[in-house]
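Single-letter residue listing:
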Amino acid sequence: MMVLSSFHRQRALLEMAVKQSPEMKNLPPELIETAVSHLSDAIEAALKLGKIDLADTEAAWGKNLVINYGFPIQWQAAFYDVYAQAVSKYIADENQIITGWLNKVRKQHVTKN
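Computed from a predicted structure; not experimentally measured.

Counted according to the given criterion, the structure contains 4 aromatic pairs. Where Phe-79 meets Tyr-80, the ring centres are 5.9 Å apart and the plane angle is 50 degrees; that geometry is what we call tilted. Each of the two residues, Phe-79 as well as Tyr-80, counts as buried. Residues Phe-79 and Tyr-83 carry aromatic rings whose centres are separated by 6.1 Å and whose planes lie at 55 degrees to one another, so their mutual orientation is tilted. With Phe-79 and Tyr-83 both in helix H4 (residues 74-90) and 4 residues apart, the pair spans about one turn of that helix. Here Phe-79 matches Tyr-83 in class, with each residue buried. Each residue in the set Trp-75, Phe-79, Tyr-80 and Tyr-83 is aromatic and connected to the rest through ring pairs, giving one cluster.

Here the focus is the packing of helix H1 (residues 2-19) against H4. Two quantities define a packed helix pair, namely the angle between the axes and the distance from one axis to the other. It is at 9 Å that the axes of H1 and H4 come closest, and there the two elements cross at 135 degrees. The orientation of H1 with respect to H4, classified from their angle, is oblique. Classified by chirality, the crossing of H4 by H1 is right-handed. Contact with H1, carried on its side by Phe-7, Gln-10, Leu-13, Leu-14, Ala-17 and Val-18, involves Phe-79, Val-82, Tyr-83, Ala-86, Val-87 and Tyr-90 of H4 and no other residues of that element. Residues belonging to the contact of H1 with H4 are distributed by class as follows: 11 nonpolar, 1 polar and no charged.

Counted by the stated rule, this structure contains 8 salt bridges. The partner of Lys-48 in a salt bridge is Glu-44, and the shortest N-O contact between them spans 4.0 Å. Taken together, the residues Lys-48 and Glu-44, both in helix H2 (residues 29-49) and 4 residues apart, mark about one turn of the helix. Note that Arg-106 and Asp-81 form a salt bridge whose closest N and O atoms lie 2.7 Å from each other. Here Arg-106, found in helix H5 (residues 96-111), pairs with Asp-81, found in helix H4; they are 25 residues apart in sequence, far enough to count as distant. The exposure class assigned to Asp-81 is partly exposed, which follows from its relative accessible area of 27%. Among the charged side chains, a network of salt bridges with common partners joins Arg-11, Glu-15, Asp-41, Glu-44 and Lys-48.

A separate point is H2. The terminal C-alpha atoms of H2, which comprises 21 residues, lie 30 Å apart, in line with the 30 Å expected from a rise of 1.5 Å per residue. Three or more residues of H2 are buried, namely Leu-31, Ile-32, Ala-35, Val-36, Leu-39, Ser-40, Ala-42, Ile-43, Glu-44, Ala-46 and Leu-47. One or two steps after H2, the chain reaches Gly-50, where phi turns positive at roughly 80 degrees.

Mapped onto the elements, Arg-11 comes out in helix H1. Overall, the relative accessible area of 16% leaves Arg-11 in the buried class. Within the local environment of Arg-11, its side chain forms a polar contact with the side chain of Glu-44, the two groups lying 2.9 Å apart. Setting aside chain neighbours within four positions, we find Arg-11 in contact with Ser-37, Ser-40, Asp-41 and Glu-44.

Reading the values: rules and limits
- Residues numbered from 1 in each chain as written.
- Predicted model: local features only at pLDDT ≥ 70, side-chain atom pairs only at ≥ 80, totals over all residues.
- Heavy atoms only, no water.
- Phe/Tyr/Trp six-rings, centres within 6.5 Å; stacked < 30°, edge-to-face > 60°.
- Buried < 20%, exposed > 50% of the residue type's maximum accessible area, 1.4 Å probe, protein only.
- Helix = DSSP H or I, 4+ residues; strand = E, 2+ residues; numbered from the N terminus.
- Axes fitted to C-alpha atoms, helices over the stretch in contact; angles between N-to-C directions.
- Parallel < 35°, antiparallel > 145°, perpendicular 65-115°, else oblique.
- Left-handed = near helix turned anticlockwise from the far one by under 90°.
- Contact = heavy atoms within 4.5 Å.
- Nonpolar A, V, L, I, M, F, W, Y, C, P; charged D, E, K, R; others polar.
- Salt bridge = Lys/Arg side-chain N within 4 Å of Asp/Glu carboxyl O.
- Expected span 1.5 Å × (residues − 1).
- Polar contact = N/O pair within 3.5 Å; in protein donor to acceptor, adjacent residues only side chain to side chain.

Honestly, that's just the spatial picture; any functional story needs more than this.
If you want it as structure tokens, here you go:
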């Protein structure tokens, strides 16, 4: 699967872009590190299995992480936006599978508490 190969190859750059994003600068580094690492692991595993929706569990876990840190849930929507931008930048043409999933979970987290 081409997107898996591209994701694996570009993962370090993608993660660094998210961590260094201005939108993430006011958050605890350990929250960003944990969120980025877990989300990337979940996306890569889901791509290996050929079904991106398998990463939905990670999105639910991430929502609970944000709540436990006491941040507004809207922060997670911003996190997904930043992650999707990095995916679009580093995973050129094959990124729709990942960005589509990120947009789906972003909408779920903005509208649900």
